[in-house]
Amino acid sequence: MTGRPAAEATTGEPAATASGQAATDATSIRAELRRWIDAHWDPELSLAQWRALLADSGWACPAWPLGWCGRSLPPALAEVVTGELAQAGVPGPAEGVGRTLAAPVLLSHGSEDLKRRFILPAVTGEITWCQLFSEPGAGSDLAGLATRAVSDGEGWLVTGQKVWSTGAATADFGLLLARTDAGVPKHRQAGVEVRPLRQMNGHASFNEVFLDRAQVPAGHVIGEPGDGWTVALSVLAHERRLAPSRPGPAPAGAAGRAWREAIAERTAAAEPHKWYPQRAGRPDLVIARAVAEGKARDPLVRQEIARLIELTWTARWTAARAAAARAQGRPPGPEGSLGKLASSAIARQAARVHSLIAGASGMLTGAGSPLDGTIAEIFLSVPAISIAGGTDEIQRTIIGERILGLPKEPDAGRDLPFRDVPRSG
Ligand SMILES: Cc1cc2nc3c(=O)[nH]c(=O)nc-3n(C[C@H](O)[C@H](O)[C@H](O)COP(=O)(O)OP(=O)(O)OC[C@H]3O[C@@H](n4cnc5c(N)ncnc54)[C@H](O)[C@@H]3O)c2cc1C
């Protein structure tokens, strides 16, 4: 492995309040955090140094365990900390697959050695990750994956192909799912070839990753060999719970080394996702577009805009219900799949309204096209929202089986040896 050296994880305990007790309510958490920021924030620290301080104090990922960048706070109080860091105008922990998927899964299933080596650098952003799950013949049916990991006595030799791997061209490590075992290979190592894919909207966010006897050290297996499916389900559960959040803009007056590095990091991290607003259909543009194009009094356009607003508001209320349930410490309910389906419905309806307003000119790109090609990009990007992170059909199956209690979908291959299971691709 040739990855940059991982910083050692710290074992810092959260600071206590003046009375010697760890704060346990929102008001005292805010006050304690503000005192800590006043004492530690120095804009001339490097971003990694600042995040290491955040991690050491447990403010970086407050819901994580003590000693692992967290304070074991309940989710509602952890959200208070996130909000307060933003309010204070200081950079938070790194975004991305490393902090949001790899580190939580390592916390639940990783060896002490893996946790010590990889959790802190995922939080500081010194090591970046991608997700190497999907294959040409295994997306919705992830269990049908064909990439093989074979033990060579010292580690694992991985052979197969991954696809749709967002950010794989630049990530340091990948969360890899392979038949019989899972591991975390370094990109550009011997036996790993990453080829960017160009999408129909012109962007190139995804990659094909070809693995030909790529070596993965024995110690890089997450969980026990043969138990990778449990770990994969844990990754997918974290992924479904993730809000599609982007870090907000840097606060006005953000200056100093830490912010310069944070802004550069955000710009680089945003590159594969810069079409994501269009993927969501841009409902925010609809009314201004109808007015500008003289369609605001068209009864058909008005009716479709009303339908879009109706979908948007019901989704917002469902999300608020989910947030309230989380704040009360209740386990995730049906809102994850419902929210995901709702975002597909909103995006499609917004694209429909944009097409009613723009007519055929909506297909144009370049100078003089509607919103400089943004409308065309909406049409070409919206289909992705019904696929990424589990397709609409799969969400409906989850709702049908796990929430409505309908009979399970038949699975002819369930009890067959893998070589005999019918597969796509
Ligand atoms: C924007 C975006 C980002 C992504 N990022 C990543 C990434 O970083 N890493 C990664 O590993 N993957 C990533 N993916 C891949 C994504 O997880 C898969 O595309 C998705 O799971 C669907 O798999 P598939 O493309 O193989 O389609 P298939 O599973 O082949 O599905 C094809 C069609 O058949 C339907 N279908 C399949 N099975 C059933 C069923 N049982 N019942 C009813 N209908 C069914 C599907 O709904 C779909 O309409 C990304 C995808 C997108 C669009």
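Notes on the structure in this doc start here. Note that the structure is a prediction, hence the values are computed from the model and not measured.

Definitions and cut-offs
Residues take numbers from 1 onward in each chain, read along the sequence in its written order. A pLDDT threshold of at least 70 governs which residues receive local features in this predicted model, and a stricter bar of 80 or more applies before side-chain atom pairs are shown or counted, although totals over entire chains, interfaces and linings include all residues. Only hydrogens and water are set aside when side-chain values are computed; all heavy atoms of the structure are taken into account. Note on terminology: near, applied to a residue and a molecule or strand, indicates that one of the residue's heavy atoms is within 4 Å of it. Two N or O atoms count as a polar contact when they lie within 3.5 Å, although within protein this holds only if one can serve as hydrogen donor and the other as acceptor, and sequence-adjacent residues are included solely when both atoms are side-chain atoms. Each residue is assigned to one of three groups, with Ala, Val, Leu, Ile, Met, Phe, Trp, Tyr, Cys and Pro labelled nonpolar, Asp, Glu, Lys and Arg labelled charged, and all others, Gly among them, labelled polar. Helix and strand definitions here come from DSSP, where helices need a minimum of 4 consecutive H or I residues and strands a minimum of 2 consecutive E residues; each element is numbered from the N-terminal end. Buried residues are those whose accessible area, probed at 1.4 Å on protein chains only, stays under 20% of the maximum for their type, while exposed residues exceed 50% and partly exposed ones sit between those limits. Each patch is built from salt-bridge-free residues with over 30% relative accessible area, joining like charges within 9 Å and nonpolar side chains (Val, Leu, Ile, Met, Phe, Trp, Tyr) within 5 Å. All accessible areas in this document rest on Shrake-Rupley with a 1.4 Å probe, and a residue is counted as covered only by the protein chains that are shown. Take a side-chain nitrogen of Lys or Arg and a carboxyl oxygen of Asp or Glu: if they are within 4 Å of each other, that pair is a salt bridge. Put plainly, a pocket is an open set of points on a 1 Å grid over the protein atoms alone with protein on both sides within 12 Å along at least five of seven lines, a cavity is a set where a 1.4 Å probe fits but cannot get out, and a lining residue has an atom within 4 Å of a point. Grid points are joined across faces, edges and corners, and a volume is the space filled by probe spheres set on the points. For helices, the fitted axis covers only the stretch in contact; all axes are lines through C-alpha atoms, and the angles between them, taken along N-to-C directions, range from 0 to 180 degrees. These descriptions rest on fixed angle ranges, namely under 35 degrees for roughly parallel, over 145 for roughly antiparallel, 65 to 115 for roughly perpendicular, and the rest for oblique. Helix crossings get a hand from a simple test, with the near helix turned counterclockwise from the far one by less than a right angle marking a left-handed crossing and a clockwise turn marking a right-handed one. Contact between two residues is taken to exist if any of their heavy atoms lie within 4.5 Å; hydrogens are not considered.

1. Some remarks on the site of the ligand
Argument step 1. Lining the immediate surroundings of the ligand are 17 residues, of which Ser134, Ser140, Thr166, Thr391 and Glu393 lie closest.
Argument step 2. Here a nitrogen atom of the ligand sits 2.8 Å away from a polar atom, N or O, in the side chain of serine 134.
Argument step 3. Serine 140 places a polar side-chain atom, nitrogen or oxygen, 2.6 Å from an oxygen atom of the ligand.
Argument step 4. Looking at side-chain class alone, the shell around the ligand contains eight nonpolar, six polar and three charged residues.

2. Section: unusual backbone geometry
One can expect most non-glycine residues to show negative phi and most peptide bonds to be in trans.
Argument step 1. Within the chain, tryptophan 164 stands out as a residue other than glycine whose phi angle is a positive 65 degrees.
Argument step 2. Summarising the element assignment, tryptophan 164 is placed in the loop between strand 3 (155-162) and strand 4 (173-178).
Argument step 3. In this structure tryptophan 164 comes out as partly exposed when scored by relative accessible area, which is 47%.
Argument step 4. Residues other than glycine seldom take positive phi values, yet aspartate 372 does so here, at roughly 50 degrees.
Argument step 5. Within the fold, aspartate 372 resides in the loop between helix 11 (335-358) and helix 12 (374-381).

3. A word on a nonpolar patch on the surface
Argument step 1. There is a patch of nonpolar side chains on the surface, built from Ile287, Val291, Ile309, Trp313 and Trp317 and spanning about 520 Å² of accessible area.
Argument step 2. For the nonpolar patch, the secondary-structure elements that each account for two or more residues are helix 9 (286-292) and helix 10 (299-327).
Argument step 3. Broken down by element, the residue count for the nonpolar patch peaks at three residues, all from helix 10.
Argument step 4. What makes isoleucine 309 partly exposed here is its relative accessible area of 35%.

4. Regarding the layout of surface pockets
Argument step 1. Taken as a whole, the second largest pocket spans an internal volume of roughly 200 Å³.
Argument step 2. Considering the residues around the second largest pocket, the lining is formed by eleven residues, among which Ala178, Arg179, Thr180, Gly228 and Trp229 are closest to the centre.
Argument step 3. When residues of the lining of the second largest pocket are traced back to their parent elements, those giving at least two are strand 4 and helix 6 (228-241).
Argument step 4. Partitioned by chemical class, the residues of the lining of the second largest pocket number six nonpolar, three polar and two charged.

5. Let's talk about the packing of helix 4 (residues 97-109) against helix 5 (residues 112-124)
Argument step 1. In contact at an axis separation of 9 Å, helix 4 and helix 5 are set at 160 degrees when each is read in the N-to-C sense. Judged by the angle between their axes, helix 4 and helix 5 are roughly antiparallel. In this structure, the crossing between helix 4 and helix 5 has a hand that is left-handed. Only Leu114, Lys115, Phe118, Ile119, Ala122 and Val123 of helix 5 make contact with helix 4, whose side of the interface consists of Gly98, Arg99, Ala103, Leu106 and Leu107.
Argument step 2. Per-class residue counts for the contact of helix 4 with helix 5 are eight nonpolar, one polar and two charged.

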